[in-house]
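Structure at a glance
The chain contents come next:
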Amino acid sequence: MQAIITLIKKEATIEWRNRSVLGSLLLYTVLTVFLIFFSFRNLDPLSWATLFWIVMIFSSVDAIAKSFMQESQERWFYYYTLFTPGQLILAKLAYNLVLMVLVSTFTLLLFSLFVGFPIHDIGFFALALLGGVVCLTVLFTFMSVIAAKAGKNTALVTILSLPIAIPLLAVIINFTKKTLVVQNAVIYSTDIVLLCSINLLMIIMGYILFQFTWKE
Amino acid sequence: MNLKAIWWKLFCVLLLIYVAIAGLLSPVPRLNILNETIRNLYFHVPMWFGQIIIFTVSLVYSILYLLDTNQKNASSIANSKRDIAAHSAVTIGMLYGTLGLLTGMIWGNFTWGTPWSSDPKLNCTAIGMLIYLAYFVLRSSFTDIDKRARFAAIYNVFCYVMFVVLIFVIPRMREFSIHPGNGGNPGFATYDLDSAMRLVFYPAVIGWSLLAVWIWTILVKYREIKLFWNMRMNNPLSAVALDQV
């Protein structure tokens with residue numbers, strides 16, 4: 001546990017010392033949202049839900065892809081002596097999750113500012129947002145490990161994760177569209193169960209398979 | 001089953017000759033819209049059976065590879081063979097997927113009026129093909145053979161599990177299909193009252209699946225010989241003898 005906290009602190013310190021990376025990411029999000037505002041002006045609620053998640057996907061790829069890309073070979077060797085693979089992947093997941101919650105809040109603020117906020121069931125929307133963010137975080141973090149070992153090609157993260165992200169996004173967007181109007185909470189039950197089980201499965205798979213990426 | 005044995009290859013050839021002849025000549029139910037295209041059932045559907053079987057073979061070899069790597073001699077010859085087996089299985093699966101898509105598009109063009117509709121099964125197939133195309137991109141971006149084998153295996157296991165879970169779990173991927181036997185559409189079992197079509201369909205499934213395995217064994221052999229030949233050429237003093245292949 002202590003090791004995980006240390007790793008998260010290290011990630012945050014690197015992020016803080018290299019603020020321009022986060023800054024460029026946020027600017028990228030601003031530009032995309034402004035582009036949507038510029039080309040749509042009036043966005044109907046269903047397109048709002050879809051576009052919001054598409055912007056989220058591409059901002060999160062950029063945010064997360066760097067998490068393993070920035071690790072040099074020497075630092076991997078240093079990690080071998082200090083941590084177990086489980087500690088490293090959990091720390092990376094936790095840090096990326098915090099980062100993604102920040103990015104998604106920022107994207108949401110931008111969307112409300114430029115193209116409006118058509119959601120009426122705020123509580124369940126927050127749940128959908130959190131579930132979706134966890135989904136994308138786990139998927140992209142895991143693919144970033146593979147892409148980092150394959151030669152630090154950021155485009156590879158996108159290519160590897162998008163085929164899996166398409167069906168995931170179908171679930172998330174479906175959930176988000178239901179929150180456009182206030183409804184009986186019962187209709188969310190399948191979405192919540194589905195998202196939770198997919199997230200759990202992905203975390204378990206990632207945790208197990210990360211042990212195999214560890215050894216050189 | 002000994003994959004080198006000849007009896008199952010003969011069996012496969014006989015079945016496919018039977019399927020080709022009986023599939024085109026045997027009586028089929030006369031139905032509106034479908035008409036004679038119903039015979040495509042013997043060629044289109046078995047492609048998907050063959051593809052799922054061969055992708056599962058690939059998954060098994062990837063898991064075996066990872067389990068062995070985790071112990072000791074990571075770059076043993078046995079492990080290189082497992083990687084070749086998994087990679088070749090994906091190649092054959094893609095071949096079958098392409099053939100399945102092509103036969104399906106011809107069929108769809110005659111019955112639905114369009115080669116590609118937004119049918120859930122088509123979407124699932126498209127996602128599956130994209131996953132395995134990404135698998136080839138991933139393989140080609142490694143230069144180190146052992147590393148390539150390991151990460152391809154990891155990606156294969158992750159994606160196979162996610163893909164199978166997602167297509168069976170997501171409601172949007174199941175409902176409203178215009179494929180027969182889905183979303184309230186009657187399946188072929190309801191048309192085929194005298195079960196005459198089953199007499200051709202089941203042999204077709206077995207025959208095409210066996211053919212997939214057969215092509216796979218040949219491709220595996222070819223790639224093994226190529227790999228060990230290259231190792232031999234690059235390092236004449238290498239302990240790897242060609243008769244180990």
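Residues numbered from 1 in each chain as written. Chains lettered and ligands numbered in written order. Predicted model: local features only at pLDDT ≥ 70, side-chain atom pairs only at ≥ 80, totals over all residues. Heavy atoms only, no water.

**Considering the overall build of chain B**
The secondary structure content of chain B amounts to seven helices and zero strands. Tracing chain B from N to C terminus, the helices and strands come up as α-α-α-α-α-α-α. Of all 245 residues assigned to chain B, the portion counted as buried reaches 47%. Considering only intrachain contacts with a sequence separation of at least 6, the fraction spanning at least 24 residues in chain B is 73%. Summed over all atoms, the accessible surface of chain B reaches about 12,500 Å², with 69% contributed by carbon and sulfur. (Helix = DSSP H or I, 4+ residues; strand = E, 2+ residues; numbered from the N terminus. Buried < 20%, exposed > 50% of the residue type's maximum accessible area, 1.4 Å probe, protein only. Contact = heavy atoms within 4.5 Å. Areas by Shrake-Rupley, 256 points an atom, 1.4 Å probe, with all protein chains shown as cover.)

**As for the environment of Ala148(A)**
Residues and elements named next belong to chain A. Here Ala148 lies in helix α6 (residues 122–149). As for Ala148 and Ser72, which are separated by 76 residues in sequence, their C-alpha atoms are 9.5 Å apart. Ala148 has contacts with Phe68 and Met69, leaving out every residue within four places of it along the chain.

**Notes on a nonpolar patch on the surface**
All names here are of chain A. Together, Leu90, Leu200, Ile204, Tyr207 and Ile208 line one region of the surface with nonpolar side chains, adding up to about 450 Å² of accessible area. The element that contributes the greatest number of residues to the nonpolar patch is helix α8 (residues 189–214), accounting for four residues. Mapped onto the elements, Ile204 comes out in helix α8. (Patch = residues over 30% accessible without salt bridge, like charges linked within 9 Å, V, L, I, M, F, W, Y side chains within 5 Å. Salt bridge = Lys/Arg side-chain N within 4 Å of Asp/Glu carboxyl O.)

**Considering the packing of helix α3 (residues 45–69) of chain A against helix α5 (residues 85–114) of chain A**
Residues and elements named next belong to chain A. Relative to each other, α3 and α5 sit at 145°, their axes nearing to 10 Å. Taken as a pair, α3 and α5 cross one another with a handedness that is right-handed. For the pair formed by α3 and α5, the contact residues are Trp48, Leu51, Phe52, Val55, Met56, Ser59, Ser60, Ala63, Ile64, Lys66, Ser67 and Phe68 on the first element and Ile89, Lys92, Asn96, Leu99, Met100, Val103, Ser104, Thr107, Leu108 and Phe111 on the second. Considering only residue class, the contact of α3 with α5 consists of 14 nonpolar, six polar and two charged. (Axes fitted to C-alpha atoms, helices over the stretch in contact; angles between N-to-C directions. Left-handed = near helix turned anticlockwise from the far one by under 90°. Nonpolar A, V, L, I, M, F, W, Y, C, P; charged D, E, K, R; others polar.)

**Brief notes about the environment of Leu168(A)**
Relative to the helices and strands, Leu168(A) resides in helix α7 (residues 154–178). Separated by 30 residues in the primary sequence, Leu168(A) and Val138(A) place their C-alpha atoms 12 Å from one another. Here Leu168(A) is in contact with Cys135(A), Leu139(A), Ile198(A), Met202(A) and Leu166(B), once residues within four sequence places are set aside.

**Examining the confidence of the model for chain B**
Taken over all residues, the pLDDT of chain B has a mean of 81, while the share at 70 or more is 82%. Looking across chain B, the model is least confident in helix α6 (residues 188–191) of chain B, with a mean pLDDT of 60, and most confident in helix α3 (residues 77–111) of chain B, with 90. (pLDDT = per-residue confidence, 0-100.)

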